[in-house]
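Examining the three-dimensional arrangement
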Amino acid sequence: MVHINIIWDYMGHVLQNSQLKFLPPEQSKVETIEILRYANKASTALAELKGIAQSIPHQSILINAIVLQESKDSSEIENIITTQDELYKALTVNSSKITPEAKEVVNYRKAIFLGYEFIKNQGFLSVNNIISIQQELVDNTAGIRSIPGTVLKNDKTNEVVYIPPQNKPEILDLLSNFITYYNQNDKDLSPLIKLAILHYQFESIHPFYDGNGRTGRILNILYLILNGLIDIPILYLSSYIVLNKTEYYRLLNQTNITGGWHEWIIYMLNAIEITSRNTIQKINSIKELLMTTIEKVKQNAPKIYSKELVELLFEQPYSKIDFVVKRLLVERKAASRYLKELEKIGILKSQVVSRETLYLNIELIEILKKT
Ligand SMILES: Nc1ncnc2c1ncn2[C@@H]1O[C@H](COP(=O)(O)OP(=O)(O)OP(=O)(O)O)[C@@H](O)[C@H]1O
Ligand SMILES: [Mg+2]
């Protein structure tokens with residue numbers, strides 16, 4: 001029996017949902033045959049992604065490219081819209097003229113890397129780490145909610161759809177239960193099913209005034225790394241969520257009301273499978289382009305060819321003289337000549353931004369743009 005305990009106001013709007021339960025849920029409810037079938041497909045795709053990612057020589061090429069794309073997509077769920085071009089410029093040019101939107105996205109990127117460091121250095125995550133991640137993201141120190149009044153509304157109708165726990169002690173209890181389950185190495189349950197449960201739980205605790213969605217999405221990737229399902233932060237569900245947003249909200253909501261996990265877990269497993277496949281394709285395209293670019297430079301500009309130079313153009317799709325100077329330890333004059341030569345043979349395209357010349361790896365940027 002599912003107990004639904006909803007308090008309605010005189011207009012029939014939800015005032016309070018049933019109390020959020022501690023983890024773990026009953027295993028039989030989250031491990032049906034159908035769920036297991038989806039979990040299998042998702043973990044096969046993810047394992048393939050892990051293998052392909054390992055075959056790229058410089059992992060930073062992938063991390064840089066994919067983390068930035070994720071930062072953009074995830075922020076888009078929050079309606080922070082930027083272009084990739086604006087973002088790369090914000091990261092490359094030393095200018096204070098960065099738009100507030102680009103700054104938010106850059107903060108998201110910083111928050112991912114901060115979380116990645118925690119996981120790598122500690123091998124677990126703490127509630128304080130989560131607070132630091134959210135702080136980096138929203139750029140304020142408000143921390144865990146201590147003043148009641150936060151409710152979740154339907155964007156369009158403005159109707160209250162969910163009321164998260166309001167008392168700080170209750171929020172802290174739920175978070176401590178959450179983080180224990182998060183760090184627990186569970187042999188009995190597929191980690192991907194567990195991820196779906198954890199994501200629901202975190203969003204429903206909704207511990208912060210803002211940034212809960214984005215923090216939760218960062219916790220997802222860190223969880224995959226913690227469990228060795230992927231080595232580096234390159235699988236993100238945000239692009240899938242952007243495309244299937246209505247369903248995402250509907251299922252979170254449905255799980256709140258009915259306490260039934262089935263559809264929610266399948267949504268998440270599906271998201272993992274599809275995103276893994278898309279990311280595999282993207283990595284394969286990057287790999288191919290890296291190889292053809294190496295060949296092209298060797299053939300058309302053999303005097304300036306070095307593997308480091310070409311790899312730099314992939315780590316920094318928007319490059320500049322400084323980057324070449326630092327990486328190859330050459331004089332500015334030589335660095336400038338290399339970049340100009342690469343433009344001449346059609347690999348880069350220059351663009352002046354805030355009095356600095358940037359060199360864009362056009363074909364790579366095209367690949368990265370595709371979702
Ligand atoms: N009914 C619901 N139950 C639980 N969580 C929900 C529900 N509806 C939405 N959410 C979660 O709340 C998040 C939004 O919360 P918040 O505004 O604090 O986060 P954000 O990071 O600023 O926004 P966004 O997720 O839109 O980028 C959504 O991403 C979703 O994960
Ligand atoms: Mg928000």
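Residues numbered from 1 in each chain as written. Chains lettered and ligands numbered in written order. Predicted model: local features only at pLDDT ≥ 70, side-chain atom pairs only at ≥ 80, totals over all residues.

**Concerning the pairing of strand β6 (residues 348–353)**
The sheet contact formed by β6 and strand β7 (residues 356–361) spans six bridges and is antiparallel. Bridge pairing links Lys 349 to Leu 360 in β7. From the end of β6 to the start of β7, which pair antiparallel, there are two residues, and Ser 354 there has a positive phi angle of about 45°. (Pairing = 2+ DSSP bridges. Helix = DSSP H or I, 4+ residues; strand = E, 2+ residues; numbered from the N terminus.)

**Focus: the nonpolar core**
Of all hydrophobic cores here, the largest spans 88 residues; its most connected members are Ala 196, Ile 265, Met 268 and Leu 269. Looking at which element gives the most residues to this core, the answer is helix α12 (residues 262–300), with twelve residues. Taken domain by domain, this core gets at least three of its residues from each of domain 1 (7–282) and domain 2 (301–369). (Core = buried A, V, L, I, M, F, W, Y, C linked by C-beta atoms within 7 Å. Buried ≥ 20, exposed ≤ 12 C-beta atoms within 10 Å, placed from the backbone. Domains from an automatic or database assignment.)

**Here's the deal with the site of ligand 1**
In the vicinity of ligand 1 there are 17 residues, among which Glu 78, Glu 203, Asn 212, Gly 213 and Arg 214 approach most closely. For the shell around ligand 1, a count of residues per class yields six nonpolar, seven polar and four charged. (Near = placed C-beta within 6 Å. Nonpolar A, V, L, I, M, F, W, Y, C, P; charged D, E, K, R; others polar.)

**Some remarks on helix α4 (residues 84–92)**
Along α4, the residues classified as buried are Leu 87, Tyr 88, Lys 89 and Thr 92. Along its buried surface, α4 packs onto α3 (59–77), α5 (100–122), β5 (318–319), β6 and β7. (Contact = placed C-beta atoms within 7 Å.)

**As for the sheet that holds β5**
If you trace the three strands from one edge of the open sheet to the other, you get β5-β7-β6, paired in antiparallel fashion. Two strands lie at the open edges of the sheet, namely β5 and β6, each paired on one side alone.

**Points about the pairing of β7**
On a regular strand, one side chain projects to one face of the sheet and the next to the other, so that they alternate. For β5 and β7, the ladder comprises two bridges, and the chain directions are antiparallel. Bridge assignment links Tyr 318 to a residue of β7, and that residue is Leu 360.

**Focus: the domain arrangement of the protein chain**
Each domain of the protein chain was delimited in the assignment, giving domain 1 (7–282) and domain 2 (301–369). Distance from the C-alpha centre of domain 1 to the C-alpha centre of domain 2: 35 Å. Looking at the side of domain 1 that touches domain 2, the elements that each hand over two or more residues are α3 and α4. Looking at the side of domain 1 that touches domain 2 element by element, the count peaks at five residues for α3. Considering only residue class, the side of domain 1 that touches domain 2 consists of four nonpolar, seven polar and three charged.

**With respect to the environment of Leu 49**
With respect to the secondary-structure elements, Leu 49 resides in helix α2 (residues 33–54). When residues no more than four places from it in sequence are discounted, the contact partners of Leu 49 are Ile 230, Leu 235, Ser 276, Thr 279 and Ile 280.

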